[in-house]
Amino acid sequence: MARAGKATPHRAWQRMLSGRRLDLLDPSPLDIEIEDIAHGLARVARWNGQTSGDAIFSVAQHSVLVLDVLDAMEPAQPDTVRLMVLLHDAPEYVIGDMISPFKAVIGESYRHVEARLLGAIHLRFGLPAVPPPAIKALTKKADTVAAFLEATQLAGFGIEESCRIFGDPRPLPRPMDQARLVPLPAAEAQQAFLDRFSQIFR
């Protein structure tokens with residue numbers, strides 16, 4: 001029982017299934033495991049779960065899709081760039097995926113936590129803590145294509161509405177112009193993410 005007059009400190013860490021305890025405010029690369037990331041991302045819904053299909057469209061599946069888009073646009077990118085793209089939303093394995101309008105309401109606090117987590121994740125896998133501007137721009141370009149596909153195929157947006165809100169990525173790079181998205185069950189999305197990671201990070 002806390003003594004009178006003394007506030008109980010707020011818990012700022014998350015226990016992972018691996019047994020790691022990750023401090024969200026001061027994350028250590030030593031407390032980050034790819035299995036925890038994959039497990040978490042496969043159970044976080046894109047679009048707040050407002051997508052068609054029997055399963056959610058998870059952040060893990062989205063991350064693989066963004067990498068597929070990058071490979072279609074820039075097939076000669078080195079594995080370091082491809083890994084940064086795969087991990088671009090990795091902090092969401094502990095802080096969730098908030099839709100853009102809500103992020104705007106929360107403001108800088110969310111962005112600071114997200115940036116610290118991404119920096120620790122990058123360092124854990126031998127990447128620069130802060131992605132270079134050119135790689136951020138490339139990731140954003142691939143992410144815009146993925147968002148367009150998700151919005152128009154799964155989230156109920158019309159093509160013109162999607163382009164107006166999320167950006168117009170057309171013409172889509174081949175073969176992504178023929179892609180048909182099917183949400184995967186969590187276990188399959190988790191394994192797809194881990195498989196792609198293992199192909200890059202050796």
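As annotated in an unreviewed UniProt entry, the protein carries the name Hydrolase and comes from Labrys okinawensis.

Caption draft 1: Summary view of the packing of aromatic side chains. For the structure shown, the criterion picks out 6 aromatic pairs. Relative to phenylalanine 197, the ring of phenylalanine 125 lies with its centre 5.2 Å away and its plane at 70 degrees, an arrangement referred to as edge-to-face. In this pair, phenylalanine 125 is assigned in the loop between helix H6 (108-124) and helix H7 (133-153) and phenylalanine 197 in helix H9 (residues 186-200), connecting sequence segments 72 residues apart. Between the aromatic rings of phenylalanine 157 and phenylalanine 166, the centroid separation amounts to 5.2 Å while the plane-to-plane angle is 70 degrees, which identifies the pairing as edge-to-face. Overall, phenylalanine 157 belongs to the partly exposed group, its relative accessible area being 22%. Take phenylalanine 166: its relative accessible area is 26%, and that puts it in the partly exposed class.

Caption draft 2: Region of the structure containing the side chain of aspartate 31. On the secondary structure map, aspartate 31 appears in the loop between strand S2 (21-23) and helix H1 (34-41). Within the buried core, aspartate 31 has no salt-bridge partner, and the shortest N-O distance to an opposite charge, that of arginine 20, equals 4.2 Å. In this view, aspartate 31 contacts Arg20, Arg21 and Leu22; residues no more than four positions away in its chain are not counted.

Caption draft 3: Structural context of the environment of methionine 84. Inspection of the secondary structure assignment puts methionine 84 in helix H3 (residues 79-86). Methionine 84 gets classed as buried once you look at its relative accessible area, which sits at 6%. When the C-alpha positions of methionine 84 and threonine 139 are compared, they lie 8.3 Å apart, and in sequence the two are 55 residues distant. Ignoring sequence-local partners within four residues, the contact set of methionine 84 consists of His122, Leu127, Pro128, Pro131, Pro132 and Ile135.

Caption draft 4: Quick look at the pattern of salt bridges. As enumerated under the stated definition, the model contains 9 salt bridges in all. Note that glutamate 33 and arginine 20 form a salt bridge whose closest N and O atoms lie 2.9 Å from each other. Of the two residues, glutamate 33 sits in the loop between S2 and H1 while arginine 20 sits in the loop between strand S1 (13-15) and S2, which places them 13 residues apart along the sequence. Assessed through its relative accessible area of 16%, glutamate 33 is described here as buried. According to the relative accessible area criterion, arginine 20 is partly exposed, its value standing at 31%. Where arginine 46 meets glutamate 150, a salt bridge forms, and the shortest distance between an N and an O atom there is 2.8 Å. Here glutamate 150 lies in helix H7 and arginine 46 lies in the loop between H1 and helix H2 (59-73), a separation of 104 residues in the sequence. For glutamate 150, a relative accessible area of 0% puts it in the buried group. Salt bridges sharing partners connect three or more residues here, namely Asp71, Asp79, Arg82 and Arg202.

Rules of the game
- Residues numbered from 1 in each chain as written.
- Predicted model: local features only at pLDDT ≥ 70, side-chain atom pairs only at ≥ 80, totals over all residues.
- Heavy atoms only, no water.
- Phe/Tyr/Trp six-rings, centres within 6.5 Å; stacked < 30°, edge-to-face > 60°.
- Helix = DSSP H or I, 4+ residues; strand = E, 2+ residues; numbered from the N terminus.
- Buried < 20%, exposed > 50% of the residue type's maximum accessible area, 1.4 Å probe, protein only.
- Lys, Arg positive; Asp, Glu negative; His and termini not counted.
- Salt bridge = Lys/Arg side-chain N within 4 Å of Asp/Glu carboxyl O.
- Contact = heavy atoms within 4.5 Å.

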